[in-house]
Amino acid sequence: MKKLKLLLILPLLAWTFFLDAKALTVGTETESVAPFAGEYKLVVEGFDWGPAVNKVVLSLGETVTSADASDFSITATRKSDKGEIPAANASGARSVVYSYVSDANGARVESGDHVTLVLAVSPNQAIGSPIQYFPRLGNVWIDYKLQVTNTKTGKVWDTESGRIMPLVDKFDLTGKYKYNDNLTMAYASYSPDGLQEKAPLIIWLHGGGEGGTDPTIPLLGNRAANYASDEIQMLFGEGAFVLVPQAPTFWMQGPDGMTRGQTNDIYNEGLMALIKDYVASNPKIDASRIYVGGCSNGGYMSLKLILEHPDYFAAGYISALAYSNEFVSDAQIQKIKNVPMWFVHSKDDNTTKSEETVVPLYERLKKAGAKDVIFSYYDHVTDITGFYGGKDYRYPGHWSWIYSHANVARTDFDGSPVLLDGRPVSIMEWMAAQKK
């Protein structure tokens, strides 16, 4: 009887051993499979406060028809060898607000092998920005990395395969102009497609933090790329050329430090030569409709070019003017009084104080008989989107260029609407109508 029991048990033990061995083999095979290592593309756009990564496009390696935002978690890290990034802004979580199936460039499709995650961005979320401001260096690109995890499957995406910058990608970023042996300036340029007639030229001059040799910085640092947006381009008929030169340092650099107009700067002659060379190289530009504008440092340089070449420009659009009124002579006022100009400034700008710059200059121009000088004067620079508190949210008072880039400046010095042929207009609508 004992022998019989043993004979019955032995096959069962052998079968159990076989199953356990198979399980161990399967487990070993599973462990040997390399973990999923996915690639992603960053989408970088300019906002009123600056640039941010507002989307990430994930390569799946398989076709899907749906995506759930709640399945993903994201951690961002920000590093730079240019300077120290505060610990609070060096790493942190990114919030996913929406997701959809897309192609490799983030365009929505019904089924595809990519998923695009839309990320939350805001003025007070530095973790969202791939650019950092460093004193004495200005705004620079930093080492910006994401780790995206699908919390259901465990898949991880941690390798960047490219970047998409929707408006910046419309520009030619390769421009270089050599003025002399000591001065070469980089510039970005945009040309409208399919022109049947000549088109105007919009020139934008960046602020003090966007100098260098990479024109993506001035395009994104102040959201200047928006001048190539459909919303603004449509105001200029078939469109407008856009030229964004970049100072190697800053526009207000003089031979011995910074100038506010008391001495000559080192760039205006070379910059004017660059502009004329660009116009000559693009015969589709209407030379009677060349507009120059900028903010802060670029506001200084815009006024400087108008002072030096009052017959060249059809209009100026200047925000946060940094040119001191005391260094503009009465003779110069007479020279520029017939140039249409639209100034934008905030009363609480403590960097370029309005009572030292734009207010007395505007009053002198009006007193001299200037008939087409407009001044949008704000109490504060506020959230124009309404997403972050609207008028209750205040940016630094120096950031008045927001109203220009977004084309929302509409009022004159006394608060009344600016009228053109009897109808209210915005700053870009007004500018599109100016012609020498």
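Asks: What's the story with the packing of helix H4 (residues 268-281) against helix H5 (residues 297-308) in this structure? I'm lost.
Replies: Contact geometry of H4 with H5 gives a least axis separation of 11 Å together with a crossing angle of 80°. The orientation of H4 relative to H5 falls into the category roughly perpendicular. Residues Asn268, Leu271, Met272 and Ile275 of H4 lie in contact with H5, whose contacting residues are Met301, Lys304, Leu305 and Glu308.

Asks: Sorry, what's going on with the pairing of strand E7 (residues 131-134) here?
Replies: Strand residues, when the strand is regular, have side chains that alternate between the two faces of the sheet. Sheet topology note: the E7/strand E8 (residues 138-141) ladder contains four bridges and is antiparallel. Its bridge partner being in E8, glutamine 132 is matched across the sheet by valine 140. Connecting the antiparallel pair E7 and E8 is a turn made up of three residues, with arginine 136 showing a positive phi of about 75°.

Asks: How do you make sense of the side chain of arginine 78 when you look at a structure like this?
Replies: Relative to the assigned elements, arginine 78 resides in strand E3 (residues 72-79). A distance of 3.2 Å separates a polar side-chain atom of arginine 78 from the backbone oxygen of isoleucine 131. Polar side-chain contacts of arginine 78 include one of 2.9 Å to the side chain of glutamine 132. With residues near it in sequence (within four places) discarded, arginine 78 still touches Ile85, Asn89, Ala90, Ala126, Ile127, Ser129, Ile131, Gln132, Ile142, Asp143 and Tyr144.

Asks: When you look at H5 in this model, what are you seeing that I'm missing?
Replies: Residue pairs three or four apart in sequence face the same way in an α-helix, which turns once every 3.6 residues. A rise of 1.5 Å per residue sets the reference length of H5, with its 12 residues, at 16 Å; its end C-alpha atoms lie 17 Å apart and thus fit the reference within 8%. The element H5 is extensively covered by neighbouring structure, given that 11 of its 12 residues are classed as buried. Within the sequence span of H5, burial applies to Asn297, Gly298, Gly299, Tyr300, Met301, Ser302, Leu303, Lys304, Leu305, Ile306 and Leu307.

Asks: Quick question: what am I supposed to make of the pairing of strand E1 (residues 37-47) here?
Replies: As judged from the seven bridges shared by E1 and strand E10 (residues 156-164), these two strands associate in the parallel manner. Counted as the bridge partner of valine 43 is isoleucine 164 from E10. Bridging between E1 and strand E2 (residues 50-64) involves eight bridges; their strand directions are antiparallel. Across the sheet, glycine 46 pairs through a bridge with proline 51, a residue of E2.

Asks: Got a minute to help me understand unusual backbone geometry in this structure?
Replies: Trans is the common state for peptide bonds, and a negative phi is the common state for residues other than glycine. Located in the positive-phi region is serine 296, a residue other than glycine, with phi close to 55°. Relative to the elements of secondary structure, serine 296 occurs in the loop between strand E17 (285-295) and H5. Of note, alanine 320 is a non-glycine position whose phi angle comes to about 50°, a positive value. Along the chain, the position of alanine 320 falls in the loop between strand E18 (315-319) and helix H6 (330-336). With relative accessibility at 0%, the residue alanine 320 sits in the buried group.

Calculation criteria
Residues numbered from 1 in each chain as written. Predicted model: local features only at pLDDT ≥ 70, side-chain atom pairs only at ≥ 80, totals over all residues. Heavy atoms only, no water. Axes fitted to C-alpha atoms, helices over the stretch in contact; angles between N-to-C directions. Helix = DSSP H or I, 4+ residues; strand = E, 2+ residues; numbered from the N terminus. Parallel < 35°, antiparallel > 145°, perpendicular 65-115°, else oblique. Contact = heavy atoms within 4.5 Å. Pairing = 2+ DSSP bridges. Polar contact = N/O pair within 3.5 Å; in protein donor to acceptor, adjacent residues only side chain to side chain. Expected span 1.5 Å × (residues − 1). Buried < 20%, exposed > 50% of the residue type's maximum accessible area, 1.4 Å probe, protein only.

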